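A closer look at the structure
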Amino acid sequence: MGGYRSLLSLFSLCLVLFLGLAFIPVPGVQAWSKEGHVMTCRIAQKLLEPEAAHAVQMLLPDYVDGDLSALCVWPDQIRHWYRYRWTSSLHFIDTPDQACTFDYQRDCHDPHGGKDMCVAGAIQNFTSQLSHYREGTSDRRYNMTEALLFLSHFMGDIHQPMHVGFTSDEGGNSINLRWFRHKSNLHHVWDREIILTAAADYYEKDMDQLQQDIEGNFTDGLWYDDVASWKDCDNIFNCVNKFAAESISLACKWGYEGVEPGETLSDSYFNSRMPVVMKRIAQGGVRLSMILNRAFGHSRGDGVAAT
Ligand SMILES: *[C@@H]1O[C@H](CO)[C@@H](O)[C@H](O)[C@H]1NC(C)=O
Ligand SMILES: *[C@@H]1O[C@H](CO)[C@@H](O)[C@H](O)[C@H]1NC(C)=O
Ligand SMILES: *[C@@H]1O[C@H](CO)[C@@H](O)[C@H](O)[C@H]1NC(C)=O
């Protein structure tokens, strides 16, 4: 009898353990491209001045405990919901095949020609919405929390070179190939594969270490002398044009360059492109903090938050 009972309690112990574990989030399962967005937002949030830091804190829902990066992938999670279908063209820009240039009037629209409906238009839109936050107006047209999350996400997207890509291959999405031994596509290589391979090869998969290395490279390393120029831009329209033009230029020079559909990309592609990816994450973070500092802060004379 005793044996049966202890077997029973062992069984219930296992059951409790199993149920308990089932509710612990599994860190390995993540939405695609999450890592790049999380790093961009963490870098940005650490560079916020007190006013902007406070505004961000106020706008975030309590359950993220002040961590902007926890919601930086939200726009990817909701883009296919009916209510948010209007946002799906705001993640990217399609430019004419082989042109390797960005022209706002020509390129910033959705497939039906809806003006401004691209990542460059979205950044202007949500920056402008947030710049009204300080006035404390109860402008019910805008949800400032959503504006913050969209802006933070789209600042990541506009810096990912393949998010400003050619029209016919959907920014590399339809260029299927292999990344080392597994199937992937060119867009995904830039969204995620390069970041994960870098983390695995050099940082024992520790994303915090990778992020610290990126930060070290602009606080006193590799990019130290460039950081001030990253923030050069007199108004938000000029800023987004610059970011998008840089991306398509990098997409042509490093993304598409020499890539044939169906081929296998490995060490030489990885080694030469990884520095580009890391710099774009750094730039996205630094520039997101600049835009938030100007939108929420006193230094509005520089016009970045101009509406
Ligand atoms: C700007 O945001 C509003 C919602 O706040 C939306 O209706 C509009 O389509 C957005 N436009 C762009 C270009 O993002
Ligand atoms: C703003 O949007 C968030 C996220 O969609 C939502 O949870 C919140 O209730 C909205 N706030 C208002 C005032 O509508
Ligand atoms: C940081 O810079 C060093 C060279 O100074 C480089 O080897 C390293 O890959 C860089 N790390 C990142 C994440 O950019």
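Refer to the structure above for everything that follows.
Residues numbered from 1 in each chain as written. Chains lettered and ligands numbered in written order. Predicted model: local features only at pLDDT ≥ 70, side-chain atom pairs only at ≥ 80, totals over all residues. Heavy atoms only, no water.

Remarks on the packing of helix 2 (residues 34-46) against helix 7 (residues 144-159)
Here helix 2 crosses helix 7 at 115°, and the two axes come no closer than 9 Å. Considering the angle they form, helix 2 stands roughly perpendicular to helix 7. The chirality of how helix 2 crosses helix 7 is right-handed. In this structure, helix 2 uses His37, Thr40 and Cys41 to contact helix 7, whose residues at the interface are Ser152, His153, Gly156 and Asp157. In terms of residue class, the contact of helix 2 with helix 7 is made up of 1 nonpolar, 5 polar and 1 charged. (Axes fitted to C-alpha atoms, helices over the stretch in contact; angles between N-to-C directions. Helix = DSSP H or I, 4+ residues; strand = E, 2+ residues; numbered from the N terminus. Parallel < 35°, antiparallel > 145°, perpendicular 65-115°, else oblique. Left-handed = near helix turned anticlockwise from the far one by under 90°. Contact = heavy atoms within 4.5 Å. Nonpolar A, V, L, I, M, F, W, Y, C, P; charged D, E, K, R; others polar.)

Thoughts on the packing of helix 7 against helix 11 (residues 236-256)
Interaxial distance between helix 7 and helix 11 falls to 8 Å at its minimum, and their mutual angle equals 40°. Looking at the two axes, helix 7 sits oblique to helix 11. Residues Met155, Ile158 and His159 of helix 7 touch helix 11, and the partners they reach there are Val240, Phe243, Ala244 and Ser247. For the contact of helix 7 with helix 11, the per-class residue count stands at 5 nonpolar, 2 polar and no charged.

Notes on the packing of aromatic side chains
When we look at a pair of aromatic rings, we describe it by the centre distance and by the angle of the planes. Considering all chains together, one arrives at 18 aromatic pairs under this definition. Seen in terms of ring centroids, Tyr104 and Phe237 are 5.1 Å apart; in terms of plane orientation they differ by 65°. Their pairing is edge-to-face. With Tyr104 in helix 5 (residues 104-107) and Phe237 in helix 11, the pair connects residues that are 133 residues apart, well separated along the chain. A ring pair is formed by Phe150 and Phe154, whose centres lie 5.7 Å apart and whose planes are at 5°; its orientation type is stacked. Of this pair, Phe150 and Phe154 both sit in helix 7, 4 residues apart, which is roughly one turn of the helix. Phe154 carries the same exposure label as Phe150, and that label is buried. Chaining the aromatic ring pairs together yields one cluster made of Trp74, Trp81, Tyr84, Trp86, Phe126, Phe150 and Phe154. A cation over an aromatic ring shows up here: Arg273 above the ring of Tyr269, its NZ or CZ 4.0 Å from the ring centre. (Phe/Tyr/Trp six-rings, centres within 6.5 Å; stacked < 30°, edge-to-face > 60°. Buried < 20%, exposed > 50% of the residue type's maximum accessible area, 1.4 Å probe, protein only. Lys NZ or Arg CZ within 6 Å of the ring centre and 35° of its normal.)

Overview of the layout of surface pockets
Taken as a whole, the largest pocket holds about 260 Å³ of empty space. Class assignment for the residues of the lining of the largest pocket results in 4 nonpolar, 7 polar and 3 charged. (1 Å grid on protein atoms, 1.4 Å probe; cavity = no way out; pocket = protein on both sides within 12 Å on 5 of 7 lines; lining within 4 Å. Points joined across faces, edges and corners; volume = space filled by probe spheres on them.)

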